[in-house]
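Spelled out from the first residue to the last, the chains are:
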Amino acid sequence: RKEVEQDPGPFNVPEGATVAFNCTYSNSASQSFFWYRQDCRKEPKLLMSVYSSGNEDGRFTAQLNRASQYISLLIRDSKLSDSATYLCVVNKGSARQLTFGSGTQLTVLP
Amino acid sequence: GAVVSQHPSWVICKSGTSVKIECRSLDFQATTMFWYRQFPKQSLMLMATSNEGSKATYEQGVEKDKFLINHASLTLSTLTVTSAHPEDSSFYICSANGLAGAWSYNEQFFGPGTRLTVL
């Protein structure tokens, strides 16, 4: 089993749509959770950290369920500029090393 | 946020040669740097973790004699791919976290990556 598993995608959605990505992780000792976005041939950039209480940043909402070891990202009112690969990222227990999911590709269509 | 640079941004080399990639933290002290590799349509895979002044810790399956990592200062880490072969062609990305004045960054800051093509 992979340490971090994500929806394989790709997701092709029209502008304005709401899209949700899911992710599960295997290491119950993980303490930090993130969503990164990666544009083609670029480095990943932090989109948002994910907290147990859930957190929202504009059109983006992230949720964490520690009991189920499940993380989600919701994007509302999709924009063309949201087209990217979204990476679910978990730290390795208490260490600083990050484990990346394989990513879910999103294409927002005009 | 903090800035991490990488050099070169891309390199093409012949099989059997060695390639050095530099990773620099520009405005903070990187106590820890990480090196990743990403093959096409795959996610980032951690290769090694390096702490300033000590030997790097390599992930399982990564040959330490092939991928030499040096982290001699708080702002510079280098990855040398020795005797590169076509299967080493990949996108190599470094990241760093550390200290800036009184603050300790938990976030990792990524460099822009180096695209290596071995002919």
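The coordinates are above.
Report follows, based on the coordinates. (Residues numbered from 1 in each chain as written. Chains lettered and ligands numbered in written order. Predicted model: local features only at pLDDT ≥ 70, side-chain atom pairs only at ≥ 80, totals over all residues. Heavy atoms only, no water.)

### A few points about the nonpolar core
Residue and element names in this part refer to chain B.
And then number 1: Judged by nonpolar contacts, the single largest core of 26 residues is most densely connected at V4, F28, W35, F67, L79, Y92 and L116.
And then number 2: Those elements that provide at least two residues to this core are β2 (10-13), β3 (19-25), β4 (29-38), β5 (45-51), β7 (67-73), β8 (76-81), β9 (90-100) and β12 (114-118).
And then number 3: Here Y92 is in contact with Q6, I21, Y36, R37, M47, F67, L79, G113, T114 and L116, once residues within four sequence places are set aside. (Core = buried A, V, L, I, M, F, W, Y, C linked by side-chain atoms within 4.5 Å. Buried < 20%, exposed > 50% of the residue type's maximum accessible area, 1.4 Å probe, protein only. Helix = DSSP H or I, 4+ residues; strand = E, 2+ residues; numbered from the N terminus. Contact = heavy atoms within 4.5 Å.)

### Some words on the interface of chain B and chain A
And then number 1: Listed by partner, the interface residues are 22 residues for chain B and 15 residues for chain A.
And then number 2: The junction of chain B with chain A conceals about 1500 Å² of combined surface from both sides, 50% of it contributed by carbon and sulfur atoms.
And then number 3: It is S43(B), F110(B) and R115(B) that lose the most area in chain B upon contact with chain A, and together they represent 29% of the buried surface on that side.
And then number 4: Where chain B packs against chain A, one counts 0 salt bridges.
And then number 5: Across the contact surface, chain B and chain A share 3 residue pairs in polar contact (both at pLDDT 80 or more).
And then number 6: Elements with a contribution of two residues or more to the side of chain B that touches chain A: β4, β5 and β9 of chain B.
And then number 7: The element that contributes the greatest number of residues to the side of chain B that touches chain A is β4(B), accounting for 5 residues.
And then number 8: Of the residues belonging to the side of chain B that touches chain A, the class tally is 9 nonpolar, 10 polar and 3 charged. (Buried area = accessible area lost by both parts, 1.4 Å probe. Salt bridge = Lys/Arg side-chain N within 4 Å of Asp/Glu carboxyl O. Polar contact = N/O pair within 3.5 Å; in protein donor to acceptor, adjacent residues only side chain to side chain. Nonpolar A, V, L, I, M, F, W, Y, C, P; charged D, E, K, R; others polar.)

### A word on the state of the cysteines
Residues and elements named next belong to chain A.
And then number 1: For the coordinates displayed, the defined rule picks out 2 disulfides over all chains.
And then number 2: Between C23 and C88 runs a disulfide, and the two sulfur atoms are separated by 2.0 Å. Negative torsions about the S-S bond denote left-handed disulfides, and the value of about -75° found for C23 with C88 makes this one left-handed. On the criterion of sequence distance, the pair formed by C23 in strand β3 (residues 19-25) and C88 in strand β9 (residues 84-91) is long-range, its members being 65 residues apart. (Disulfide = S-S within 2.5 Å.)

### Topic: the packing of aromatic side chains
And then number 1: Under the criterion given, the structure shown has 12 aromatic pairs over all chains.
And then number 2: Ring centres 5.8 Å apart and planes at 55° place the aromatic pair Y36(A) and F100(A) in the tilted group. Of the two residues, Y36(A) is situated in strand β4 (residues 33-38) and F100(A) in strand β10 (residues 98-100); the sequence distance between them amounts to 64 residues. Taken as a pair, Y36(A) and F100(A) share a single burial class, namely buried.
And then number 3: Plain terms: the ring middles of F67(B) and Y92(B) are 6.4 Å apart, the flat faces sit at 40° to each other, and that makes the pair tilted. Here Y92(B) lies in strand β9 and F67(B) lies in strand β7, a separation of 25 residues in the sequence. Across this residue pair, the class does not change: F67(B) and Y92(B) are buried.
And then number 4: Site record: aromatic cluster; members linked through ring pairs are F34(A), Y36(A), F100(A), Y36(B) and F110(B).
And then number 5: When the ring centre of F67(B) is taken as origin, the NZ or CZ atom of K66(B), which lies over that ring, is 5.9 Å away. (Phe/Tyr/Trp six-rings, centres within 6.5 Å; stacked < 30°, edge-to-face > 60°. Lys NZ or Arg CZ within 6 Å of the ring centre and 35° of its normal.)

None of this, on its own, says anything about what the molecule does.
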